[in-house]
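# Residue-level structural notes
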Amino acid sequence: MAGAATQAGAAAELGESPFSVAPKARGSARALAVANEAFARQLPAAGPHSSAIDRFVSDPDNYAIAVDRDGANYTVEYAIKPFEGRRFRGGGYRYTIDGDSYRIVDSRIDP
């Protein structure tokens, strides 16, 4: 039973979102968590009558993620993976995260 209490405590510490991290976390993991929360909100929603490509684009699992530290900031980039063997041109997301405050200082969607 102690294991269940520990898991519940960890879930409370991490927050409700699957992309949340504890406030004391630092480094690229926290920058990624901040970007993931914004990314999840920006993805287009797929409706019940959406095309296969619209459903693909709206699924966060269909994006490759890269995190880089450049001086005082982190850059988190999301590039859409190929759909049915075809590559996309554009359509990626990029977030610049301040390395001290872990706030988004810039965000862009590649056309």
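A few points on the structure. (Residues numbered from 1 in each chain as written. Predicted model: local features only at pLDDT ≥ 70, side-chain atom pairs only at ≥ 80, totals over all residues. Heavy atoms only, no water.)

## Digging into the pattern of salt bridges
Short version of the rule: Salt bridges are identified by distance alone: a Lys or Arg side-chain nitrogen within 4 Å of an Asp or Glu carboxyl oxygen. Numbered from the N terminus, helices here are DSSP runs of H or I no shorter than four residues, and strands are runs of E no shorter than two. Residue exposure (1.4 Å probe, protein chains only): buried if accessible area is under 20% of the type maximum, exposed if over 50%, otherwise partly exposed.
Considering all chains together, one arrives at 4 salt bridges under this definition. Note that Glu-77 is salt-bridged to Arg-94, the shortest N-O span being 3.2 Å. With Glu-77 in strand 2 (residues 73-80) and Arg-94 in strand 3 (residues 93-98), this residue pair connects regions lying 17 residues apart in the sequence. Here Glu-84 makes a salt bridge to Arg-86, at a shortest N to O gap of 3.8 Å. Just as Glu-84 is exposed, Arg-86 falls in that class too.

## Let's talk about the sheet that holds strand 3
Stated precisely, the cut-off is as follows: Note: two strands are recorded as paired if DSSP finds a minimum of 2 bridges between them. Angles run from 0 to 180 degrees between N-to-C directions of axes, and those axes are lines fitted to C-alpha atoms, restricted for helices to the stretch in contact.
Spatial ordering of the open sheet is given by 1-2-3-4, a layout of 4 strands whose pairing is antiparallel. A single partner strand is all that each edge strand has here, and the edge strands are strand 1 (63-70) and strand 4 (104-109). Between one strand and the next, the sheet's axes are offset by a mean angle of 15 degrees, whatever the strand orientation. As paired elements, strand 1 and strand 2 share 8 bridges and run antiparallel to each other. Along strand 2, the bridge assignment pairs Ile-65 with Tyr-78.

## Structural notes on the packing of aromatic side chains
For clarity, the cut-off: Any two rings among Phe, Tyr and Trp, with Trp reduced to its six-membered ring, count as a pair given centres within 6.5 Å; such a pair is stacked if its planes are under 30 degrees apart, edge-to-face if over 60, and tilted if neither.
If you walk through the whole model with that rule in mind, you get 8 aromatic pairs. Ring geometry for Tyr-63 against Tyr-93: centres 6.1 Å apart, planes inclined by 75 degrees, an arrangement best described as edge-to-face. Taken as a pair, Tyr-63 in strand 1 and Tyr-93 in strand 3 lie far apart in primary sequence, 30 residues in all. Comparing Tyr-63 with Tyr-93 shows no difference in burial state: the two are buried.

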